[in-house]
Amino acid sequence: MSETERDMHAADAAWVADARALLDESAAGLDAATLSRLNRARQAALAGRSTRMRGLWWLSAAGLAATAVFLVALVPWHARAPGASALPAEADGTAAIVDAVTADDIEFFEDLEFYAWLDAQDPEIDG
Amino acid sequence: MTSTIGGAVCATFSTNCLTGSMPASLNADRANSHALDEFLRTVERRALRMAELAAIPRDEALDLVQDAMLGFVRHYAGKPPAEWPPLFYRVVDNRLNDWHRRQNVRARWIDRFRAASDDGPDDARGMLLESSDPGPLRRLAGNEAGQALESALIALPRRQRQAFLLRVWEGLDGAGTAAAMRCSEGSVKTHLSRALAALRRALKEHE
């Protein structure tokens, strides 16, 4: 037993079925002019949707085209830009040097003049 | 990386453009349009009859159904097809409410003008609400049952008539009818029960 039938009294079932049949008959018996108007109305509703979807497709296509043009223009510019890609590496290198310099290294750099003088001395003198 | 993505985008775009093919989503949309067409084809006649049983003249009922189809397609075409029937009849129900609201406002103004001018025996309000079209049931030769049913349905309160038509004729379940009528399932049962009792009484009078 369907939910609809359960909701109805058993006594109603017979005439309700008749009522449904009569209503079906009335819908099936619509004249040609009315059916034609319904058909046009349905087509109009679907055409409105198609137009909107076509508009969306062209919009997305235009968006893709714009993105492609942008990327095509960006890649050569990116490759040719003077030192464009070197900057981050340089920045990283400087940071590495600064990080590597500790207090001991500062003493080493201060003694550089001594090592240069030592290097300049004649090795034979030291024997 | 950038050029790879750019290349992929260009390749996809050029493939679509050169072959003239549309994206898969658009093909799916075509299938959806076909399903929509089929669905509207199955409900349009019943929607028209529902409008007529709400005492709306044929021409206006056709406009109402067209408006309902447009509204349904605009707002609910993207929903799963299983959800379409209650959503479509919800739109129809809204349009029926709007129509009756407009008629009531118009009738009130006509009553005011009539009271002010008092220039004729015609009942303008009655003329507005009464359809000159006898309707398909009444056109059936010698079909008294059909005429009786149509009269009884037109005489029902709007909510009771909708509950009866959606549950009995359209075959929506309780939840679907409640969704279409924007009320609880309990209310649907109450409306349906009263509609059945009123129709039974009215049809007995015709026996």
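Residues numbered from 1 in each chain as written. Chains lettered and ligands numbered in written order. Predicted model: local features only at pLDDT ≥ 70, side-chain atom pairs only at ≥ 80, totals over all residues. Heavy atoms only, no water.

A. Broad picture of the overall build of chain B. Scanning chain B from terminus to terminus reveals 10 helices and zero strands. The contacts of chain B with a sequence gap of at least 6 include a subset with a gap of at least 24, amounting to 61%. A total accessible area of about 10600 Å² is found for chain B, and carbon and sulfur atoms account for 53% of it. (Helix = DSSP H or I, 4+ residues; strand = E, 2+ residues; numbered from the N terminus. Contact = heavy atoms within 4.5 Å. Areas by Shrake-Rupley, 256 points an atom, 1.4 Å probe, with all protein chains shown as cover.)

B. How the structure looks around the packing of helix α9 (residues 174-181) of chain B against helix α10 (residues 185-205) of chain B. Residues and elements named next belong to chain B. For the pair α9 and α10, the least separation of the axes is 8 Å and the interaxial angle reads 95°. In terms of orientation, α9 lies roughly perpendicular with respect to α10. Together, G174, A175, T177, A178 and M181 of α9 and E185, V188 and H191 of α10 make up the contact between the two elements. Among the residues making up the contact of α9 with α10, the classes are represented as four nonpolar, three polar and one charged. (Axes fitted to C-alpha atoms, helices over the stretch in contact; angles between N-to-C directions. Parallel < 35°, antiparallel > 145°, perpendicular 65-115°, else oblique. Nonpolar A, V, L, I, M, F, W, Y, C, P; charged D, E, K, R; others polar.)

C. Highlighting the environment of E205 of chain B. All names here are of chain B. Following the sequence through the fold, E205 ends up in helix α10. The class of E205 is exposed, set by a relative accessible area of 67%. Spatially, the C-alpha atom of E205 lies 9.1 Å from that of A148, the residues being 57 residues apart in sequence. (Buried < 20%, exposed > 50% of the residue type's maximum accessible area, 1.4 Å probe, protein only.)

D. Representation of the side chain of T34 of chain A. Inspection of the secondary structure assignment puts T34 of chain A in helix α3 (residues 32-80). Since its relative accessible area comes to 4%, T34 of chain A is described here as buried. For T34 of chain A, the side chain forms a polar contact with the side chain of R58 of chain B, separated by 2.7 Å. (Polar contact = N/O pair within 3.5 Å; in protein donor to acceptor, adjacent residues only side chain to side chain.)

E. Geometry of the confidence of the model for chain B. Residues and elements named next belong to chain B. Across chain B, the average pLDDT comes to 80, with 71% of residues at 70 or higher. Low pLDDT, under 50, characterises residues 1-20; the predicted model gives this stretch 16 contacts beyond four residues in sequence or across chains. With pLDDT under 50 throughout, residues 134-142 is counted as low confidence; its partners more than four residues away or in other chains account for 25 contacts. (pLDDT = per-residue confidence, 0-100.)

F. Main features of unusual backbone geometry. Residues and elements named next belong to chain B. Positive phi, normally seen in glycine, also occurs at A55, with a value near 65°. In this fold, A55 is placed in the loop between α2 (24-53) and α3 (58-76). We note that R182 has phi near 55°; this positive angle belongs to a residue other than glycine. With respect to the helices and strands, the residue R182 is situated in the loop between α9 and α10.

G. Expanded view of the pattern of salt bridges. All names here are of chain B. Within this structure, the stated rule accounts for 14 salt bridges over all chains. Between R46 and E170 there is a salt bridge; the shortest N-O distance is 2.5 Å. Here R46, found in helix α2, pairs with E170, found in the loop between α8 (158-169) and α9; they are 124 residues apart in sequence, far enough to count as distant. Note on accessibility: R46 and E170 belong to one class, buried. (Salt bridge = Lys/Arg side-chain N within 4 Å of Asp/Glu carboxyl O.)

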